Amino acid sequence: MKFAVIVFPGSNCDLDMYHAVKDELGEEAEYVWHDSTDLSGYDGILLPGGFSYGDYLRCGAIAQSSPVMDEVKKAAEAGKPVLGICNGFQILTEAGLLPGVLLRNKNLKFMCRTVGLKVENANTLFTNEYMAGQEIRIPIAHGEGNYYCDDATYEQLKNNNQIVFSYADDFNGSRNNIAGIVNERGNVLGMMPHPERAVSDLIGGSDGLSLFKSIVKQWREANVSHA
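Residues numbered from 1 in each chain as written. Predicted model: local features only at pLDDT ≥ 70, side-chain atom pairs only at ≥ 80, totals over all residues. Heavy atoms only, no water.

(A) Here's a closer look at the packing of aromatic side chains. Throughout the structure, instances matching the rule amount to four aromatic pairs. Relative to Tyr-147, the ring of Phe-89 lies with its centre 6.0 Å away and its plane at 15°, an arrangement referred to as stacked. Residue Phe-89 is located in helix α3 (residues 87-94), and its partner Tyr-147 is located in strand β8 (residues 146-148); the two are separated by 58 residues in the primary sequence. When sorted by exposure, Phe-89 lands in the same class as Tyr-147, which is buried. Above the face of the Phe-171 ring, Arg-113 is positioned so that its terminal group lies 5.1 Å from the ring centre. (Phe/Tyr/Trp six-rings, centres within 6.5 Å; stacked < 30°, edge-to-face > 60°. Helix = DSSP H or I, 4+ residues; strand = E, 2+ residues; numbered from the N terminus. Buried < 20%, exposed > 50% of the residue type's maximum accessible area, 1.4 Å probe, protein only. Lys NZ or Arg CZ within 6 Å of the ring centre and 35° of its normal.)

Given below as structure tokens:
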């Protein structure tokens, strides 16, 4: 499986994403600059964390207008897995690929630590290696991770099982402790925690590795012949 790691000016988690895919999974990965106009050669699209364009206007507001985002939308429409982590999640909401918005943390401070997450939906292409209700430990690093949506959107997310991860505790103000959601089709995931920073016990934990394994497992089942 071949992944595109999208790089915007100000991205700083692209190296972690590349390492998770290339070194821990043993799959192919390439850095793709934000002005690229063709992602057809990739099986999965990864939008890393960071501070794209310095977070000017709003987090992700400028990045969503980059040429590559037209290609990301095409990939999503084609059913390819699209994963946005932290700033990548913010970009996906700004681009309209996921509902809601990420606001300032309720304490108005940047927060960086490992937190507990609950797997709310293990029946997605991103979570099939987890169990429903499983508790995992994943690092966070964000100042605008407070997920908000209106009542109608929240009901839709809940009824469609689009809430994939929730925080064990309310520390940033996110509605109902939402940490990650998928689109209705289930092939676009946005989450504020950083699973790419939890892929090896050597760096403090490997709970995030199963997310990347899930993507590859689903892709192989759909695309690799077992004859």
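(B) The sheet that holds strand β1 (residues 2-7), seen in detail. Across the sheet, nine strands lie side by side as β2-β1-β3-β4-β11-β10-β9-β6-β7; this open sheet has mixed pairing. Each of the sheet's edge strands pairs with one partner strand only, and the pair in question is β2 (28-33) and β7 (135-142). Sheet twist, expressed as the average angle between the axes of neighbouring strands with direction ignored, equals 25°. As paired elements, strand β10 (residues 178-182) and strand β11 (residues 188-191) share three bridges and run antiparallel to each other. Its bridge partner being in β11, Val-182 is matched across the sheet by Leu-189. This element, helix α2 (residues 67-77), spans β1, β2, β3 (44-47), β4 (82-85) and β11 of the sheet and lies at about 135° to β3. (Pairing = 2+ DSSP bridges. Axes fitted to C-alpha atoms, helices over the stretch in contact; angles between N-to-C directions. Contact = heavy atoms within 4.5 Å.)

(C) Up close: the nonpolar core. Counting 70 residues, the largest nonpolar core has Ile-45, Phe-165, Leu-211 and Phe-212 as the members making the most contacts within it. It is helix α5 (residues 209-223) that contributes the most residues to this core, six residues altogether. The residues contacting Ile-45, other than those within four sequence positions of it, are Ala-4, Ile-6, Leu-39, Val-72, Ala-75, Pro-81, Val-82 and Leu-83. (Core = buried A, V, L, I, M, F, W, Y, C linked by side-chain atoms within 4.5 Å.)

(D) Looking closely at the environment of Arg-113. Along the chain, the position of Arg-113 falls in strand β6 (residues 111-119). Once residues lying within four places of it in the same chain are set aside, the contact partners of Arg-113 are Ile-138, Pro-139, Ile-140 and Phe-171.

(E) Examining the UniProt feature "active site" (unreviewed entry) in the protein chain more closely. Sites flagged by UniProt as "active site" (unreviewed entry) map to Cys-86, His-194 and Glu-196. A maximum C-alpha distance of 10.9 Å is found for the annotated residues, which run over 111 residues; spatially they form one tight group. Each residue touching His-194, except ones within four places of it in the same chain, is listed here: Cys-13, Gly-49, Ile-85, Cys-86, Ile-138, Pro-139, Ile-140 and Ala-141. Along the polypeptide, Glu-196 turns up in the loop between β11 and α5. (UniProt positions renumbered as here; feature names shortened; annotations may be inferred.)

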